[in-house]
Amino acid sequence: MTFALTGARIFTGETFLDNHAVVIDGSRIAAVIPRKDIAAVEVRDLKGGILAPGFIDVQVNGGGGALLNDNPSVETVRTIASSHRKFGTVGLLPTVITDAPSVLTKSAEAVRAALTQGTPGVLGIHIEGPFLDVARKGAHAQRFIREMTADDVKQIAALDCGAVMLTLAPNRVAPELVKALADKGVLVSLGHSDATYAEAEAALDAGARAFTHLFNAMSQMNGREPGMAGAAMADSTSYVGIIADGHHVHDAALKVAFAAKDPSRMMLITDAMPTAAGGPERFDLQSREVVLEDGRLSLSDGTLAGSNLTMDAAVRYCVHTLKLDLAHALRTASLNPAGFLRRNHELGRVAPGYLASLVLLSEDLRVLATWIDGQ
């Protein structure tokens, strides 16, 4: 079916257009043209709002009451994707954190099945751990954290799960193994580590592509030892995921990161848990209770345990609280993560040839509608 969306201000991923239409043919965008040039197609008037590239979230543990670690099944993946879609996320990586090998295997199988079944919005998998630094484990269960082996590299590289993102600690995984993963197409991200600046740089030189939730669970920056946080902000090519919810990172630190880092390399992430996107106020994480209180998710000892965030709320926080330019905020939620996933040739822009994966926002940045591949 071919149809044209009109009546909204269009954000192309680069600029805003008024009085234009997006012509969709099947799963892709056929044209972006002046409203007056539409001919011989069905016209759907959106009656205002902002039509933008849909949000892409590369770190989603759960949502709508579901948690991948708790029930690694295609049903869980489907629930997570459909729950977050209501809040503008049209592409995501279901995320499994440090756990028993069987849980990691079943999670990969679930994501593979979801992709085979064409589950809307699923782009791959994010495996966060178990190759982490115990000193910066956060809410990850210490009993499952272990060293990486050459067999692990082979198994992870062989996963047929779309995009495969792996968070590891650069002071616990040798650069040679990082390089072997990166050479096989695995998207290596650095996190949960007390690594020095030099250790982080060595991993980047070996092919690591990103940093997982900047400032959280990593060595911090000071004048004589920049640590992982300093490496993340100083490096010009790596991507940086960041949680903008008012709980994980101080507003001043968020502003510093946005000012320091190349604007095309910042990615909003949610690190969402089952409470997000319509879930309950508490859940069990590997036999430990996690409670939502005043917007903050934590274990009984106060340790942060993921977030209650959705991508639309992260965008609003950047615009309304941090005073980030709207175009910049929208790119951090769409085009930039698409670039990290090496999908920015078909996601993250409203342009001819791109997938029609879009979000319609109200003027106050609430989600009114989404399209995934034209549906």
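Since we're looking at a predicted model, the values are computed, not measured.

Scoring rules and cut-offs
- Counting from 1, residues in each chain are numbered in the order their sequence is written.
- Thresholds applied to this predicted model are a pLDDT of at least 70 for local features of residues and 80 or more for the giving and counting of side-chain atom pairs; totals over whole chains, interfaces and linings are not thresholded and use all residues.
- Side-chain measures were taken over the full set of non-hydrogen atoms in the model, leaving aside hydrogen atoms and water.
- In this text, helices come from DSSP runs of H or I with a minimum length of four residues, and strands from runs of E with a minimum of two, each type numbered from the N-terminal end.
- C-alpha atoms define the radius of gyration in this analysis, and the globule rule sets the expected value at 2.2 Å times the number of residues to the power 0.38.
- Exposure classes here rest on a 1.4 Å probe applied to the protein chains alone. A residue is buried below 20% of its type maximum, exposed above 50%, and partly exposed in between.
- For the area figures, the Shrake-Rupley method with a 1.4 Å probe applies, and any residue is considered shielded solely by the protein chains shown.
- Asp and Glu count as negative and Lys and Arg as positive, but His and the ends of the chain are not part of the count.
- Just so you know, the charge point we use is NZ for Lys, CZ for Arg, CG for Asp and CD for Glu.
- Two strands form a pair only when DSSP identifies at least two bridges running between them.
- Put simply, buried Ala, Val, Leu, Ile, Met, Phe, Trp, Tyr and Cys residues joined by side-chain atoms within 4.5 Å make one nonpolar core.
- Contacts were defined at the residue level, with two residues in contact if any of their heavy atoms lie within 4.5 Å.
- Summarising the geometry, the arc corresponds to the directions from the helix axis toward the C-beta atoms.
- Only protein atoms enter the 1 Å grid, on which a cavity is a set of points fitting a 1.4 Å probe that cannot get out and a pocket is an open set with protein on both sides within 12 Å along at least 5 of 7 lines, lining residues being those with an atom within 4 Å of a point.
- Grid points are joined across faces, edges and corners, and a volume is the space filled by probe spheres set on the points.
- Each residue gets one label: Ala, Val, Leu, Ile, Met, Phe, Trp, Tyr, Cys and Pro are nonpolar, Asp, Glu, Lys and Arg are charged, and the others, such as Gly, are polar.
- Two rings from Phe, Tyr or Trp (for Trp, the six-membered ring) form a pair when their centres are within 6.5 Å of each other. A pair whose planes differ by under 30 degrees is stacked, one over 60 is edge-to-face, and the rest are tilted.
- For a ring to carry a charge above it, either NZ of a lysine or CZ of an arginine must fall within 6 Å of the ring centroid while also lying within 35 degrees of the normal to the ring plane.

**Student:** Please clarify how the overall build of the chain should be interpreted in this entry.
**Tutor:** Regarding its fold elements, the chain presents 10 helices and 22 strands. Relative to its length of 375 residues, the chain is compact, with a C-alpha radius of gyration of 20 Å against a globular reference of 21 Å. Taking the principal axes of the C-alpha coordinates as reference, the chain spans close to 60 × 45 × 45 Å. Looking at the 375 residues of the chain, the share that counts as buried comes to 58%. Of the roughly 14500 Å² of accessible surface on the chain, 49% is carried by carbon and sulfur atoms. Measuring between centres, the 34 positive side-chain charges of the chain sit 3 Å from its 41 negative side-chain charges.

**Student:** Quick question: what am I supposed to make of the sheet that holds strand β22 (residues 367–371) here?
**Tutor:** In sheet architecture, strand pairing relies on hydrogen bonds along the backbone and comes in two forms, parallel and antiparallel. A sheet is described by the order of its strands in space; here five strands give the open sequence β3-β2-β7-β21-β22, paired in mixed fashion. Edge positions in the sheet fall to β3 (16–17) and β22, since each has one partner strand and no second. Note that strand β2 (residues 9–11) and β3 share two bridges and pair antiparallel. From the neighbouring strand, I10 faces β3, where its bridge partner is L17.

**Student:** Before we go on, may I ask you to explain the nonpolar core in this structure?
**Tutor:** Inside soluble globular proteins, nonpolar side chains tend to come together where they are buried. Counting 97 residues, the largest nonpolar core has L168, L214 and L268 as its most contacted members. Beyond its immediate chain neighbours, meaning those up to four positions away, L214 contacts A229, A232, M233, V240, G241, I242, V249 and A257. Core analysis: the second largest hydrophobic core is formed by 16 residues, I10, V22, L46 and L360 among them.

**Student:** Quick question: what am I supposed to make of helix α7 (residues 251–260) here?
**Tutor:** An α-helix turns once per 3.6 residues; consequently, residues spaced three or four apart project the same way. Buried within α7 we find L254, A257 and F258. Looking straight down α7, one finds that the buried residues subtend no more than 95° of arc, so they occupy a single side. In this fold, the buried residues of α7 make contact with α6 (227–234), β16 (239–242), β17 (266–268), α8 (311–321) and α9 (326–332).

**Student:** When you look at empty space enclosed by the protein in this model, what are you seeing that I'm missing?
**Tutor:** In this approach a probe as big as a water molecule rolls over the atoms, and the regions it shows empty are the leftover space. Tallied over the full model, the rule gives one cavity of 30 Å³ or more. By volume, the largest cavity amounts to about 40 Å³. The residue inventory of the lining of the largest cavity, partitioned by class, reads five nonpolar, three polar and two charged.

**Student:** Quick question: what am I supposed to make of the side chain of S73 here?
**Tutor:** Structurally, S73 can be placed in the loop between β10 (66–67) and α1 (74–85). Residue class for S73 comes out buried when judged on its relative accessible area of 13%.

**Student:** Looking at this model, I keep getting lost on the layout of surface pockets. Mind explaining?
**Tutor:** Of the pockets and cavities examined, the largest pocket occupies roughly 260 Å³. If you go around the largest pocket, you meet 15 residues; those closest to its centre are P101, L104, T105, Q155 and I156. Listed by contribution, the elements that provide at least two residues to the lining of the largest pocket are α2 (101–116) and α3 (150–157). Counting residues per element, the lining of the largest pocket draws most heavily on α2, which supplies six residues. Taken together, the residues of the lining of the largest pocket sort by class into eight nonpolar, three polar and four charged.

**Student:** Please clarify how the packing of aromatic side chains should be interpreted in this entry.
**Tutor:** Centre distance and the angle of the planes are the two values used to describe a pair of aromatic rings. A complete count under the given rule lists two aromatic pairs for this structure. Geometrically, the ring pair formed by F11 and F16 is tilted, given 4.8 Å between the ring centres and 40° between the ring planes. When its relative accessible area of 0% is taken as the criterion, F11 is described as buried. Between the NZ or CZ atom of R44 and the centre of the ring of F3, over which it lies, the distance is 3.7 Å.

**Student:** I'm lost on the pairing of strand β5 (residues 28–34) in this one. Help?
**Tutor:** The side chains of a regular strand alternate, residue by residue, between the two faces of the sheet. Bridge count for strand β4 (residues 20–25) against β5 is six bridges, and the pairing is antiparallel. Looking at the pairing, I24 lines up with I29 of β5. From the end of β4 to the start of β5, which pair antiparallel, there are two residues, and G26 there has a positive phi angle of about 70°.

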